[in-house]
Amino acid sequence: MADKQISLPAKLINGGIAGIVGVTCVFPIDLAKTRLQNQQNGSRLYTSMSDCLIKTIRSEGYFGMYRGAAVNLTLVTPEKAIKLAANDFFRHHLSKDGQKLTLPREMLAGCGAGTCQVVITTPMEMLKIQLQDAGRIAAQRKLMPETVAPGGPVEVKSPTAMQITRELLRSKGIAGLYKGLGATLLRDVPFSVIYFPLFANLNRLGNRGAEGPAPFYVSFVSGCIAGSTAAVAVNPVDVIKTRLQSLSRGSQEDTYSGVTDCVSKILRNEGPSAFLKGAYCRALVIAPLFGIAQVVYFLGVGECILSYLPKREK
């Protein structure tokens, strides 16, 4: 964010709008990322992002690319609002008399933002991954029957988010929705530590003179560069998180008991390159997502909405 003072309600509105617009634009790429990260050696159905999207449209239709989007659109507002507002909150309280933050303090603010957001991020991604990956599992059963256990079903009806939520709450309680919490923290905290200081410093390069803020296109480009850099940097942990949060697997695919077990099995069975699966997809998802977020903040959409509401009430 640019270091301008914005009220908390405006920050929440800005974060929510940015999240909804961004998710709607890039969700199909995110679906491809999840499916590429989840497929293991011996059950590879997709060769690339484009191959994944083409096969998804052929087998599930256009709206198949938006499996799980409803969960994201519902929860991305509080998730992005918490992340962006928390970073501004920590930056404000870590600054001394409004002076420029040092790099360690910027990183500490990002760390605080990443820690706060996992309250929403973990259950949101837990549900999203089940819905996104359901099509891959169904396609495996049809096109790669050797990956299905003998006597296993040829086709399984895709569950809804509410069905998954009820089953997890019934069988495991609230902890079921927070499976992979540790891996989510290991991904989101370093992401924020990298992203927020990098964005702030890139955006500062485009400032107009000593006091003037950077133009909106500088904020957009800075958000894209910082977002894609941070996304690729933490992609290995994102692969681990995706694998841990996936509940359904083919009969020949590994299951994991935790982060250490997941890392060990991936290294042994798939090699180090497996940790880069979906990296370019993730960069393509995160870059516009955070670029849009910074433009929404720059334009002050939240402030405009708040200023309009009282006029409507009169």
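Quick note: structure is the one above.
Residue positions within a chain follow its written sequence, with the count starting from 1. Where totals are concerned, whole chains, interfaces and linings use all residues; where local detail is concerned, this predicted model gives features only for residues with pLDDT of at least 70, and gives and counts side-chain atom pairs only at 80 or more. Hydrogens and water molecules were not included; the side-chain quantities draw on all heavy atoms of the structure.

Chemist: Break down the overall build of the protein chain for me, citing the residues and quoting the values.
Modeler: Secondary structure elements are defined from DSSP: runs of H or I of at least 4 residues count as helices, runs of E of at least 2 residues count as strands, and each element is numbered from the N terminus. Helix and strand counts for the protein chain come out as eleven helices and zero strands. Helices and strands appear in the protein chain in the N-to-C order α-α-α-α-α-α-α-α-α-α-α. Three labels apply to residues, based on accessible area from a 1.4 Å probe with only protein chains included: buried if under 20% of the type maximum, exposed if over 50%, partly exposed otherwise in between. With 314 residues in all, the protein chain has 52% of them scored as buried. The contact rule is simple, with two residues in contact once any of their heavy atoms fall within 4.5 Å. When contacts within the protein chain are restricted to residue pairs at least 6 apart in sequence, those whose partners lie at least 24 apart make up 81%.

Chemist: With reference to specific residues and values, describe the packing of aromatic side chains.
Modeler: Stacked, edge-to-face and tilted labels apply to pairs of Phe, Tyr and Trp rings (six-membered ring for Trp) whose centres lie within 6.5 Å, assigned for plane angles under 30 degrees, over 60, and everything in between, in that order. On inspection of all chains with the given rule, the structure shows ten aromatic pairs. Ring centres of Y62 and F63 lie 5.4 Å apart, and the angle between their planes is 80°; on these two criteria the pair is classed as edge-to-face. Judged by relative accessible area, which is 68%, F63 ranks as exposed. Ring centres of F216 and Y217 lie 5.8 Å apart, and the angle between their planes is 80°; on these two criteria the pair is classed as edge-to-face.

Chemist: If you had to explain helix α5 (residues 161–172) to someone new, which residues and values would you point to?
Modeler: With twelve residues, α5 should reach 16 Å at 1.5 Å per residue; the first-to-last C-alpha distance of 16 Å fits that figure. Regarding α5, the residues found buried are A161, I164, T165 and L168. One side of α5 holds all its buried residues, which, seen down the axis, span an arc of 100°. Among the exposed residues of α5, those oriented more than 90 degrees off its buried face are M162, R166 and R170. By this rule, a helix spans an expected 1.5 Å times one less than how many residues it contains. Note that the arc is computed from the directions linking the helix axis to the C-beta atoms.

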